[in-house]
Each structure stands twice: as structure tokens, then as C-alpha cells.
Amino acid sequence: MAISSRLLSLALLSLLVSSAIGEKTKGVTYDGRSMIVNGERELLFSGSIHYPRMPPEMWPDIIRKAKEGGLNLIQTYVFWNIHEPVQGQFNFEGNYDVVKFIKTIGEQGLYVTLRIGPYIEAEWNQGGFPYWLREVPNITFRSYNEPFIHHMKKYSEMVIDLMKKEKLFAPQGGPIIMAQIENEYNNVQLAYRDNGKKYVEWAANMATGLYNGVPWIMCKQKDAPAQVINTCNGRHCADTFTGPNGPNKPSLWTENWTAQYRTFGDPPSQRAAEDIAFSVARFFAKNGTLTNYYMYYGGTNYGRTGSSFVTTRYYDEAPLDEFGLYREPKWSHLRDLHRALRLSRRALLWGTPSVQKINQNLEITVYEKPGSDCAAFLTNNHTTLPATIKFRGKEYYLPEKSVSILPDCKTVVYNTQTIVSQHNSRNFLPSEKAKNLKWEMYQEKVPTISDLPLKNREPLELYSLTKDTSDYAWYSTSINFDRHDLPMRPDILPVLQIASMGHALSAFVNGEFVGFGHGNNIEKSFVFQKPVILKPGTNTISILAETVGFPNSGAYMEKRFAGPRGVTVQGLMSGTLDITLNNWGHEVGVFGEKEQLFTEEGAKKVKWTPVNGPTKGAVTWYKTYFDAPEGNNPVALKMDKMQKGMMWVNGNSLGRYWSSFLSPLGQPTQYEYHIPRAFLKPKNNLLVIFEETGGLPETIEVQTVNRDTICSIITEYHPPHVKSWGKSGTDFVAIVEDLKSGAHLTCPDNKIIEKVEFASYGNPDGACGNLYNGNCTSINSLKVAERHCLGKNTCTIPIERQVYDEPSNDPCPNIFKTLAVQMKCGNKN
């Protein structure tokens with residue numbers, strides 16, 4: 001009996017030990033090398049994807065494409081102002097269902113970084129703070145201020161409790177492996193002096209006190225408290241990040257900007273796939289183990305969610321564009337980079353690093369575990385000149401500003417400058433099923449002071465007037481003139497001048513539109529000046545003041561202001577008349593908003609008239625119906641001949657448009673706007689436009705969007721595709737028989753290559769959608785491309801000289817050859 005009891009005791013002890021080990025490895029820890037998830041070191045490739053910037057129907061597909069791109073982690077903010085728009089009233093429905101979003105990520109086997117903020121910036125209205133927070137007495141945002149920290153803690157606790165209740169943290173078996181408190185606070189900390197430093201300490205203690213089952217991070221916070229990890233944001237964190245502020249913290253990159261968000265009036269923003277790949281490879285070569293692409297999918301600022309002047313389209317230059325389509329070669333080139341780094345995983349996570357600096361531009365970084373794994377990074381930092389580097393008895397060619405990755409310290413499987421993945425070009429095509437739109441219109445009445453309920457001696461401040469419930473507010477006053485007050489000469493008119501703190505306004509005199517003025521993202525304030533026709537007797541001056549989002553960054557956001565602040569009439573016989581203190585009427589919003597003319601029910605409340613011929617009416621509503629466009633491609637609205645306003649489809653807001661704000665290139669910053677298929681019915685979709693200053697609705701076009709133009713631009717010295725290599729146990733091996741380079745092309749959505757639009761083997765140049773011949777090309781280029789690709793979903797075109805020409809017929813035998821091809825994909829039928 002004693003023996004049996006002893007055996008039972010040993011069995012129980014073994015069970016307890018194994019249970020303890022299981023508990024120990026279930027969860028997330030870290031050290032100076034990497035994050036450790038469920039007991040395993042991880043290389044983390046992450047992408048920012050925000051749930052409110054797309055309908056829930058798009059979530060699974062976007063997450064799937066991110067996973068196919070080699071990501072294993074998704075980063076998202078939690079947006080306070082959408083979840084608690086009214087104090088104490090919460091909304092987690094529809095595309096605000098953050099729990100469902102996180103579960104959707106987890107179902108696809110990816111991890112989550114939860115950035116609860118509550119300040120998020122994100123080019124989002126008021127940086128994510130709800131408007132009501134601004135009106136809390138004596139509050140100072142993002143400071144050690146009693147009213148602010150009270151509400152911040154209350155909200156943070158609500159979010160953490162929700163995550164715990166739904167068992168979404170990694171120790172509970174969920175996907176959340178990290179959480180972030182605050183956001184880029186170093187940018188404003190000095191403005192708050194001692195209260196800034198105290199706030200950072202308080203925020204860290206508050207967050208870890210609410211939940212300490214996963215690591216907490218603070219981005220761009222050099223002096224982050226010991227219990228949180230400081231991380232880098234930027235384009236080149238390998239060179240700009242001073243490193244973790246503690247020896248046991250890993251090097252993490254929370255925002256690798258894939259381009260730049262745009263504000264209305266900006267030219268396009270671009271960032272080359274090669275530059276992103278170079279920055280990531282260098283970061284991992286310098287002890288980094290996590291990079292997050294901001295954004296990986298940007299999506300759309302629907303409704304009024306975008307901050308001051310930010311375009312409705314958000315981070316369209318990301319690896320997945322606004323429509324959720326693969327932006328090539330950015331998506332594929334980064335996917336291949338992730339594969340090359342994963343082939344180097346064991347050496348990176350367990351090897352010992354060493355760096356050999358050959359000169360100011362060339363360096364070799366090796367991670368090696370003696371007798372086992374070895375990976376090398378060969379770097380050429382020179383921005384214009386290629387180089388040859390000798391490493392372990394072999395010479396390696398390095399293009400300018402590039403990193404070559406050798407997962408076995410022998411074989412180059414990837415070079416950041418050398419793109420072997422395909423390119424593509426985006427196409428917007430008019431829909432056949434949604435053309436010949438028949439427009440009707442309804443014009444808003446321009447109010448007088450007697451029509452407006454809220455009276456005040458001077459114009460009220462715009463932010464506090466609208467309380468973020470509308471972009472619009474009417475202001476009106478009246479003034480009497482004797483005929484002797486007005487200019488006698490017919491060639492002279494009085495001038496209405498309005499000094500505004502932002503963002504835009506439309507002015508009306510006696511009900512007639514006289515002009516539009518606006519600021520910009522750099523300088524919100526502006527002065528509006530227009531000649532006006534005044535009459536003897538009573539004159540009404542009405543202003544439609546407009547915000548284009550609330551501010552989202554900087555110190556003391558709660559103290560920003562907007563709207564008219566001084567109104568004068570110049571050029572009167574008695575001189576300039578200041579009417580700022582003339583008594584004003586006010587009303588928030590426009591009539592059509594309140595009556596919801598953008599819905600089926602609301603549209604019945606007014607009488608619409610047909611639009612016959614060109615019309616340029618200000619403050620005018622337009623409506624039409626259209627059938628859902630053919631096929632499954634994404635849908636867009638072309639608005640290039642409209643001016644400024646808002647758009648709705650079936651009652652769903654598509655956001656703001658502003659086609660009249662031209663960039664320095666003379667083009668609108670944005671004029672195509674995404675209509676998610678989830679917003680559409682098969683037939684009779686209601687499209688409603690509110691135009692503020694006057695446009696041409698008959699030019700609006702419903703389009704479908706595709707990336708069916710695919711290309712490859714590849715040279716003789718390009719290495720074989722990274723997919724040619726793999727690991728067999730601990731051995732690095734080729735997994736294809738033919739280790740030759742070539743042009744690899746695949747049509748999206750199982751389409752086939754129906755036409756070769758361009759092919760040149762020689763020295764072609766250009767970009768996908770705009771390729772052109774150099775001064776040398778094989779006459780057989782098109783024939784070879786067609787033979788290998790026509791009618792196929794996937795094809796490979798060889799890049800061997802003998803495939804194109806006999807040696808005696810080679811038109812340019814003494815140059816390095818480039819193959820450039822462009823194909824058009826189509827449906828099989």
C-alpha cells in the first residue's frame with residue numbers, strides 16, 4: 001500500500017509539474033532577442049488593418065490576403081469615438097465589432113497587437129477621442145490631468161475587460177499577444193512639462209495594472225518605463241532607432257510607413273517596394289524581430305471619420321490597395337522577403353551576430369550558431385552605385401542600396417533591390433450595367449437670420465457649435481443699406497471679407513452663391529474675399545461654414561478652434577464696415593442631412609426635379625438609381641467633375657469628396673471613391689450626392705476596378721525566385737529541379753492571360769502600364785511570350801538568350817538583357 005501511495009504521489013507530482021510547464025509556456029514573454037509566444041521565439045511580420053475602415057464582409061478576404069503575404073500578426077487600434085460616441089453609450093455593432101474582427105483574425109491563425117490608445121492619431125477624427133471628452137470641465141488631453149486620466153482609465157478598463165471576457169488574450173487561448181498604451185507621446189511630451197513625464201509613468205502603471213498577461217508597448221517613447229517596451233515608428237528604423245531602453249527588451253518596429261497618408265491638395269505619395277524591403281532586411285540584420293507595415297491595408301474613411309483635410313481614401317499605396325486588390329510588386333516582393341527571413345529563422349533567433357564593416361557603404365552581418373545554423377546579410381548602402389563583395393571565398397554582386405539574404409551563408413535567395421515578382425497596373429472601367437444615370441435634384445434653401453434658431457451677437461466657434469455631429473453649420477445676419485451707402489460707380493462693387501479659422505466656407509448674399517474659400521492641412525486659417533452685389537434696404541449675408549474633420553495630433557488638441565471669426569464689408573461709401581458683432585443666427589447641419597435625403601424614406605420628403613443639361617447649383621442634392629455593376633470586381637464612383645461634398649449609397653456614407661482641391665500637379669488628390677459591394681443590392685441602388693458649391697452630376701460614372709494588367713520586368717542577373725528554396729530539417733535545399741530565373745506571371749481570381757500587350761527582350765524601360773522599347777529588342781520577344789503564356793492562368797517565360805535569337809542574330813550581344821512583358825487577364829469565357 002505504501003508503494004502504491006508513493007507511485008500515486010509521483011504521478012500527481014508529475015501531473016502538477018507538466019501542468020506548471022504548460023501554464024508557463026502558454027502566454028507571451030520577451031527578452032532582448034525576441035518576443036516569445038507560447039514558449040517559442042518568433043519572427044513577427046505584421047500589418048496594420050483597421051476594422052472601421054471597411055465593412056465586415058471584407059474582413060476575412062483582407063486578412064486572408066495578409067496571411068498569404070507572409071504576415072503572422074495584425075495590428076489594429078481601438079477607436080474610442082466610434083465605440084462611445086455619447087458618454088456612457090457604447091456601440092460594438094457592424095464594422096465597429098472589434099471582438100468579431102479579432103476573432104476573425106484568430107480563426108485564420110494570426111496574432112493580434114491591440115493598440116488601445118486611447119489616443120491613436122491614425123488620421124482619425126480627434127485622434128480617436130470622442131467629442132464629449134472635449135467638453136469635460138478643466139480637461140487637458142494626454143496630460144497628468146485628473147479629469148483626463150479618470151476617463152482614460154475608465155475607457156481602457158472597459159476595453160481590457162471586454163477582451164478578457166471574450167478570452168482574446170494569448171494566455172486565455174486568444175490571438176492578442178501585445179497591447180499598446182498611448183501613441184507617439186514623445187512628439188508632444190515636452191509641451192506638458194512635468195505633467196508629461198508623470199503621465200507616461202501613470203499610463204504604463206495603469207495599463208499593466210489592468211492586465212499583465214501580455215507585454216505592453218509604447219511607440220516612439222525613448223524613456224518608456226521599465227515595464228513597457230519602447231518601439232520605433234518611421235521609414236528606416238534600422239538607422240533611426242536608438243534601440244530599446246533596456247537590455248531585456250526586443251527591437252520592435254511598430255510602424256513601417258508603406259507610403260504616406262494624403263490630405264486634400266496633396267500630390268500622390270509613393271514608396272518603392274525595394275525601399276521598404278531594404279529597410280526591413282536591415283532592421284532584421286540589426287537584431288530586429290518584428291516589423292509592422294503601416295498600413296498593410298488602409299481602406300476608406302467612411303462617413304466623417306477622417307481627421308482634418310485627410311482624404312477619404314487611406315493609404316492606397318499599401319500592399320493591398322483601397323479596393324483590397326494586390327498592389328504589385330509591393331505585396332509579392334514583401335511576401336518573398338518574409339520567406340527569405342523565415343528561411344534564416346533559426347540562425348536569427350539563436351545564432352550569435354557579428355558585423356564586418358568593409359567600408360562606409362559595404363558590410364556583412366552574420367548570425368551563426370557554431371556547427372549548426374548560419375545566415376548572412378550582405379549590405380550595400382550606396383544609393384547609386386552597385387558593388388561586388390567577397391564573402392567566405394565567393395564574390396557576390398550587390399545592386400545599389402540593397403541587402404542580399406543568404407539563409408545558409410552561401411546562397412543568395414533574395415535581394416531587396418532585385419524584384420522577381422510580377423507587377424500590375426490598376427484599371428477603372430465604366431460599368432455597362434450602371435451607365436446612363438438619370439439624375440434628379442433638390443436645392444437647399446439658403447436661410448436668413450430669422451430662419452436660424454440659435455442667436456448670438458458674434459459668430460460662434462465652429463467645433464463647439466457642431467459638436468462633431470455634422471461638417472456643416474449655417475451662419476446668417478442681415479444689414480440695411482441706404483442707396484448712398486453703396487458705390488455709385490457701376491465698375492465698383494463692395495467686397496465681402498470673412499476671416500476664418502478653418503476649414504472652408506461657402507458665402508451667399510441675398511440667397512445667391514457668391515463664392516467658396518478654404519484653408520489646407522498646413523494652414524487651416526484663410527481669408528475669403530469676393531465682390532458682392534448689395535441692394536438698398538435689407539441684405540442677408542449667409543455663410544455655410546464647413547469642417548473637414550477634427551484635428552488628430554499635436555499638443556492641446558482640446559483647445560483648437562475653427563469657423564468664421566471676423567466679417568467685414570469693404571468698399572462702401574463710408575469705408576469698411578465690420579459686421580462681426582452684428583447679431584448672428586446659427587444652425588448645425590443642412591436640411592437634407594436632418595431629413596436624411598440619402599435614404600429611401602428621407603428622399604420622399606422633398607420634391608425632386610429632373611436634371612436637364614448642365615447644372616452648377618450650390619448646396620444641391622442629387623439622386624439617381626443604378627444596378628449593381630457586372631462581375632465581382634470592386635466598384636468605384638468617378639467624381640472628377642464634381643466640386644466638394646458628401647456621397648451615400650443606399651443610406652451608407654461613402655465619405656467626403658473634394659475634387660476641386662487640386663494638387664500642385666493640377667489634378668484632384670482623389671476623384672475615385674470606393675463603393676463596397678456589401679453596400680449594394682442587385683438592382684435599384686440609391687445614390688445621393690450633396691454638392692456644396694456646384695458640379696456636373698451628369699459626368700459621374702460608376703466603374704469597376706481591376707488589376708488585370710500584369711507585368712514582369714526581369715534581368716539576366718536576377719536570382720531564382722525565393723520559392724525555389726526551402727528547409728529539409730535543418731538543411732537548406734533547392735526544392736525545384738530547374739534553378740533558373742524567369743518571368744513568372746499569374747492572373748488574379750483564376751482568370752487567364754488573353755493578350756500579350758507588350759514584350760521586349762533587350763533593354764526596355766518604363767513601368768507596368770507604361771512599358772516601352774529601348775534601342776535594342778529581339779524580334780521574337782512577342783512570339784516567345786505568347787507561346788508560353790496565352791490562355792494560361794500561370795506561366796513562366798525563360799530569360800535565356802538562345803530562346804529568343806541564334807547567337808548570330810542577337811541584335812545586342814554585348815549588353816545585360818532585360819525581359820519586360822505586359823499581359824491582359826480576362827475571364828475564361
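Preceding this paragraph is the structure being described.
Every residue gets a number counted from 1 within its own chain, in the order that chain's sequence is written. It should be noted that, the model being predicted, local features are given only for residues of pLDDT at least 70 and side-chain atom pairs only at 80 or more, the latter also being counted only at that level, while totals for whole chains, interfaces and linings use all residues. Side-chain numbers come from the whole structure's heavy atoms, not from hydrogens or water.

Q: Provide a residue-level description of the overall build of the protein, including the pertinent values.
A: For the protein, the count of helices and strands is 16 helices and 46 strands. Radius of gyration means the value over C-alpha atoms here, while the globule rule gives 2.2 Å times the residue count to the 0.38 power. Relative to the compact-globule value of 28 Å for 829 residues, the protein shows a C-alpha radius of gyration of 31 Å, a close match. Classification of residues uses two cut-offs on accessible area relative to the type maximum, computed with a 1.4 Å probe and protein chains only: under 20% is buried, over 50% is exposed, and between them is partly exposed. The buried share among the 829 residues of the protein stands at 59%. Working rule for contacts: check all heavy atoms of both residues, and any pair within 4.5 Å makes them a contact. In the protein, of all internal contacts separated by at least 6 residues, the share reaching a separation of at least 24 is 73%. Per element, the accessible surface of the protein, about 33700 Å² overall, is 51% carbon and sulfur. Labels follow the DSSP assignment, with helices taken as runs of H or I lasting at least four residues and strands as runs of E lasting at least two, numbered in each case from the N terminus. Computed with the Shrake-Rupley method and a 1.4 Å probe, the accessible areas treat only the protein chains shown as cover for residues.

Q: Describe the pairing of strand 42 (residues 752–762), naming the residues involved and giving the relevant values.
A: The buried count for strand 42 comes to eight of eleven residues, which makes it a mostly enclosed element. Where strand 42 meets strand 46 (residues 818–826), nine bridges bridge the pair, whose relative direction is antiparallel. Residue pairing across strands places Gly762 opposite Thr818, the latter belonging to strand 46. Pairing between strands requires that DSSP locate at least two bridges from one strand to the other.

Q: If you had to explain the sheet that holds strand 2 (residues 35–37) to someone new, which residues and values would you point to?
A: Within the open sheet, the three strands sit side by side as 1-2-3. Their pairing is antiparallel. Both edges of this open sheet fall to strand 1 (28–30) and strand 3 (40–42), since each of them pairs with a single strand only. Each strand of the sheet is rotated relative to its neighbour by a mean of 35 degrees, with strand direction disregarded. The pairing of strand 1 with strand 2 spans three bridges and is classified as antiparallel. Across the sheet, residue Thr29 finds its bridge partner in strand 2, namely Ile36. Axis definition: a line fitted to C-alpha atoms, limited for helices to the stretch in contact. Angles are taken between N-to-C directions and run from 0 to 180 degrees.

Q: An account of the nonpolar core is needed here, citing residue identities and associated values.
A: Take the buried residues of types Ala, Val, Leu, Ile, Met, Phe, Trp, Tyr and Cys, join any two whose side-chain atoms come within 4.5 Å, and each joined set is a nonpolar core. Core analysis: the biggest nonpolar cluster contains 120 residues, and Met163 and Leu337 have the highest contact counts within it. Among the elements that take part in this core, helix 6 (residues 146–165) stands out by supplying nine residues, more than any other. Ignoring anything within four residues of it in the chain, the contact list for Leu337 reads Ala277, Val280, Ala281, Tyr293, Ile405 and Tyr414. Of all hydrophobic cores here, the second largest spans 30 residues; its members include Met642, Met647, Phe661 and Val702.

Q: Help me get a handle on unusual backbone geometry, residues and values and all.
A: Trans peptide bonds make up most of the peptide bonds, and negative phi angles are found at most residues other than glycine. At the junction of Gly117 and Pro118, the peptide bond is cis and its omega measures out at -5 degrees in the coordinates. Looking at the secondary structure, you find Pro118 in the loop between strand 6 (111–117) and helix 5 (131–134). Phi is positive for Asn138, which is not a glycine, with a value near 65 degrees. Within the secondary structure, Asn138 is located in the loop between helix 5 and helix 6. Of note in the backbone geometry, Arg193 takes a positive phi value of approximately 55 degrees without being a glycine.

Q: Residue-level account of the pattern of salt bridges, with values.
A: Salt bridges are identified by distance alone: a Lys or Arg side-chain nitrogen within 4 Å of an Asp or Glu carboxyl oxygen. Across all of its chains, the model carries 47 salt bridges by this definition. When the shortest N-O distance is used, the salt bridge between Asp491 and Arg489 registers 2.7 Å. One salt bridge in this structure joins Glu601 and Lys604, with 3.5 Å as the shortest N-O distance. Within this structure, Arg313, Asp316, Glu317, Asp321, Glu322, Arg327, Lys330, Arg426, Glu672 and Arg707 form a network of salt bridges that share partners.

Q: Which residues make up empty space enclosed by the protein, and what values do they have?
A: Where empty space is left can be seen by rolling a probe of water-molecule size over the atoms. A cavity here means a set of 1 Å grid points, computed over protein atoms only, where a 1.4 Å probe fits but cannot escape. A pocket is an open set with protein on both sides within 12 Å along at least 5 of 7 lines, and lining residues have an atom within 4 Å of a point. Grid points are joined across faces, edges and corners, and a volume is the space filled by probe spheres set on the points. Tallied over the full model, the rule gives one cavity of 30 Å³ or more. Within this model, the largest cavity holds a volume of roughly 50 Å³. Around the largest cavity, the lining residues are His333, Asp336, Val413, Tyr414, Asn415, Thr418, Val420, Pro719, Pro720, His721 and Val722. Mapped by element, the contributors of at least two residues to the lining of the largest cavity are helix 10 (330–343) and strand 18 (414–415). Broken down by class, the residue content of the lining of the largest cavity amounts to six nonpolar, four polar and one charged. Any residue that is not Ala, Val, Leu, Ile, Met, Phe, Trp, Tyr, Cys, Pro, Asp, Glu, Lys or Arg is counted as polar, Gly included; the first ten are nonpolar and the last four charged.

Q: Account for the pairing of strand 29 (residues 575–578), with residues named and values stated.
A: Sheet topology places strand 28 (residues 564–572) next to strand 29; three bridges connect them, and they run antiparallel. By the bridge assignment, Val569 is partnered in strand 29 with Leu577. Linkage of strand 28 to strand 29, two consecutive antiparallel strands, is achieved through a turn of two residues.

Q: So what's going on with the packing of aromatic side chains? Residues and values would help.
A: Both the distance between ring centres and the angle between the ring planes are used here to describe each pair of aromatic rings. Between rings of Phe, Tyr and Trp, where Trp is taken as its six-membered ring, a pair exists when centres lie within 6.5 Å; planes separated by under 30 degrees are stacked, by over 60 edge-to-face, and by other angles tilted. The tally for this structure, following the rule as stated, stands at 45 aromatic pairs. Between the NZ or CZ atom of Arg53 and the centre of the ring of Tyr314, over which it lies, the distance is 3.7 Å. Directly above the ring of Trp350 sits Arg346, whose terminal nitrogen or CZ lies 6.0 Å from the centroid. For a lysine, the NZ atom is tested; for an arginine, the CZ atom; a charge sits over a ring if that atom is within 6 Å of the ring centre and within 35 degrees of the ring normal.

Q: How would you explain the side chain of Gln822 if you had to name every residue and give the values?
A: Among the secondary structure elements, Gln822 is positioned in strand 46. Here Gly769 takes part through its backbone nitrogen, which lies 2.9 Å from a polar atom of the side chain of Gln822. Whenever a nitrogen or oxygen atom comes within 3.5 Å of another N or O atom, the pair is scored as a polar contact, on the condition that within protein one atom can donate a hydrogen and the other can accept it, and that pairs from neighbouring residues in sequence are kept only if both atoms are in side chains.

Q: Quick one: what's the story with the state of the cysteines, residue by residue and with numbers?
A: By disulfide we mean two sulfur atoms from cysteines, separated by a distance within 2.5 Å. With the rule as written, the count across this model stands at six disulfides. Note that Cys711 is cross-linked by a disulfide to Cys768, the S-S spacing being 2.1 Å. Where Cys711 bonds to Cys768 through sulfur, the torsion about that S-S bond is close to 75 degrees, and the disulfide is right-handed. Taken together, the residues Cys711 in strand 38 (residues 701–715) and Cys768 in the loop between strand 43 (765–767) and strand 44 (770–772) connect sequence positions 57 residues apart. Counting only the cysteines that take part in disulfides, in the order they occur along the protein, gives the pairing 1-2, 3-4, 5-7, 6-12, 8-11, 9-10.

Q: Please provide a residue-by-residue account of the environment of Ile710, values included.
A: Among the structural elements, Ile710 can be located in strand 38. Each C-alpha atom of the pair Ile710 and Phe90 lies 45 Å from the other, and the pair is 620 residues apart in sequence.

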